[in-house]
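# Fold and geometry: a report
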Amino acid sequence: MEQIKILGISGSLRTDSTNTIILNTCKTLLPANATLTVFQGLDLIPHFSPGLEDNEAVARFKSAVAQADAVIFSTPEYAFGLPGTLKNALDWTVGTGEFNAKPVAAISASPLNTGGDKALASLLLTLAALGTLRNDHSSAAIPNIKGKIEQGYVTDIQTLDMLRALINNLTSLLNLRGVN
Ligand SMILES: Cc1cc2nc3c(=O)[nH]c(=O)nc-3n(C[C@H](O)[C@H](O)[C@H](O)COP(=O)(O)O)c2cc1C
């Protein structure tokens with residue numbers, strides 16, 4: 001069975017980020033032949049401007065995406081939108097296409113009962129612009145996230161079931177592409 005490499009991208013830079021905790025929890029829910037590495041260094045990526053050369057941080061990000069079989073995002077919502085850091089990193093890949101045909105899953109999480117749904121909608125629009133591979137089961141907004149975490153992991157049963165379903169769907173998208 002071929003090894004599946006999944007890249008996790010958190011939209012939050014906070015040390016105690018609930019979104020990074022969601023990605024760390026996903027690590028515990030993977031099939032035996034899959035690994036998930038959470039990308040570090042989104043904050044080192046400079047502001048995108050067309051024509052700028054890739055620096056080392058940009059090259060690292062692009063290479064991590066290119067080498068991954070699939071990507072899982074988990075992002076907060078800031079002021080009803082996507083965190084600028086995440087949108088900025090994605091903008092760097094528009095011209096070079098690292099996300100093109102890449103199977104993705106997108107999660108938003110919030111302490112509010114909206115689950116950060118506006119940030120999720122915005123992320124999905126950007127992922128459509130980037131040509132990623134997704135379906136109707138590739139995304140989920142997680143409301144009231146603070147009460148669903150204990151000791152650095154998601155412990156809420158329904159949320160764990162939802163994350164499992166998201167991962168299963170992601171691997172089925174990979175199978176469509178012939179990676180299994
Ligand atoms: C500047 C700022 C703006 C925020 N705006 C929103 C918002 O529009 N919607 C929302 O659901 N939460 C909002 N929040 C709360 C975040 O969802 C909350 O801080 C969350 O824990 C951040 O995710 P993290 O734990 O992964 O860092 C905002 C927080 C900050 C600091």
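This text goes with the structure placed above it.
To keep things clear, this report deals only with the structure shown in the data block. No experiment lies behind these values; they were computed from the predicted model shown.

Rules used throughout
Residues numbered from 1 in each chain as written. Predicted model: local features only at pLDDT ≥ 70, side-chain atom pairs only at ≥ 80, totals over all residues. Heavy atoms only, no water. Helix = DSSP H or I, 4+ residues; strand = E, 2+ residues; numbered from the N terminus. Buried < 20%, exposed > 50% of the residue type's maximum accessible area, 1.4 Å probe, protein only. Contact = heavy atoms within 4.5 Å. Areas by Shrake-Rupley, 256 points an atom, 1.4 Å probe, with all protein chains shown as cover. Lys, Arg positive; Asp, Glu negative; His and termini not counted. Charge placed at Lys NZ, Arg CZ, Asp CG, Glu CD. Near = heavy atom within 4 Å. Polar contact = N/O pair within 3.5 Å; in protein donor to acceptor, adjacent residues only side chain to side chain. Nonpolar A, V, L, I, M, F, W, Y, C, P; charged D, E, K, R; others polar. Phe/Tyr/Trp six-rings, centres within 6.5 Å; stacked < 30°, edge-to-face > 60°. Lys NZ or Arg CZ within 6 Å of the ring centre and 35° of its normal. Axes fitted to C-alpha atoms, helices over the stretch in contact; angles between N-to-C directions. Parallel < 35°, antiparallel > 145°, perpendicular 65-115°, else oblique. Left-handed = near helix turned anticlockwise from the far one by under 90°. Right-handed = clockwise from strand over helix to strand, strands pointing away.

## Points about the overall build of the protein chain
Looking only at helices and strands, one finds 5 helices and 7 strands in the protein chain. Residues counted as buried form 50% of the 180 residues belonging to the protein chain. Across the protein chain, contacts joining residues at least 24 apart in sequence account for 79% of those joining residues at least 6 apart. In the structure as shown, the protein chain presents an accessible area of about 8700 Å², 52% of it carried by carbon and sulfur atoms. For the protein chain, the separation between the mean place of its 13 positive charges and that of its 15 negative charges on side chains is 1 Å.

## What to know about the site of the ligand
The ligand sits among 15 residues. The nearest are Ser 12, Arg 14, Ser 17, Thr 18 and Ser 110. The contact in question runs from an oxygen atom of the ligand to an N or O atom on the side chain of Thr 18, over 2.7 Å. With respect to the ligand, the side chain of Glu 77 contributes an N or O atom lying 2.7 Å from a nitrogen atom. Computed on the free molecule, the ligand has an accessible area of 620 Å², of which 70% lies beneath the protein chains in the complex. A per-class count over the shell around the ligand returns 6 nonpolar, 6 polar and 3 charged.

## Describing helix H1 (residues 18-27)
Among the 10 residues that make up H1, 8 are buried, leaving the element largely enclosed by the rest of the structure. Thr 18, Asn 19, Thr 20, Ile 21, Ile 22, Leu 23, Thr 25 and Cys 26 are the residues of H1 that are buried. Where H1 begins, the side chain of Ser 17 points an oxygen toward the backbone nitrogen of Asn 19, at a separation of 3.0 Å.

## Comments concerning the packing of aromatic side chains
Scanning the entire structure with this criterion turns up 3 aromatic pairs. Relative to Phe 61, the ring of Phe 39 has its centre 5.3 Å away and its plane inclined at 70 degrees; by these criteria the two rings are edge-to-face. With a gap of 22 residues between them, Phe 39 in the loop between strand S2 (34-38) and helix H2 (56-67) and Phe 61 in helix H2 connect regions that are remote in the sequence. Given the relative accessible area of 11%, Phe 39 is considered buried. The ring of Phe 80 is capped by Lys 118, whose NZ or CZ atom sits 4.4 Å from the centre of that ring.

## Overview of helix H3 (residues 84-91)
Those residues of H3 that fall on the buried side of the exposure criterion are Leu 86, Asn 88, Ala 89 and Leu 90. In this fold, the buried residues of H3 make contact with strand S1 (4-10), H2, strand S3 (70-75) and helix H4 (117-129).

## Examining unusual backbone geometry
Backbone geometry places Phe 80, a non-glycine residue, at a positive phi of 70 degrees. By secondary structure assignment, the location of Phe 80 is in the loop between S3 and H3. A positive phi angle, near 50 degrees, is found at Asn 144, a position not held by glycine. Relative to the helices and strands, Asn 144 resides in the loop between strand S5 (139-142) and strand S6 (149-150).

## Looking at the packing of H1 against helix H5 (residues 157-176)
Look at H1 against H5: their axes get within 10 Å of each other, and the N-to-C directions meet at 70 degrees. Relative to H5, the element H1 lies roughly perpendicular. Here H1 and H5 pass one another in a crossing that is right-handed. Contact with H1, carried on its side by Ile 22, Thr 25 and Cys 26, involves Leu 160, Leu 163 and Ile 167 of H5 and no other residues of that element. Across the contact of H1 with H5, the residue classes tally to 5 nonpolar, 1 polar and no charged.

## Here's the deal with the pairing of strand S4 (residues 104-109)
Taken across its 6 residues, S4 has 6 buried, putting it largely inside the fold. Covered by surrounding structure in S4 are Val 104, Ala 106 and Ser 108 together with Ala 105, Ile 107 and Ala 109, the residues of both alternating faces. The parallel pair S3 and S4 is bridged by H3, and the resulting crossover is right-handed. The parallel pair S4 and S5, bridged by H4, forms a crossover whose chirality is right-handed.

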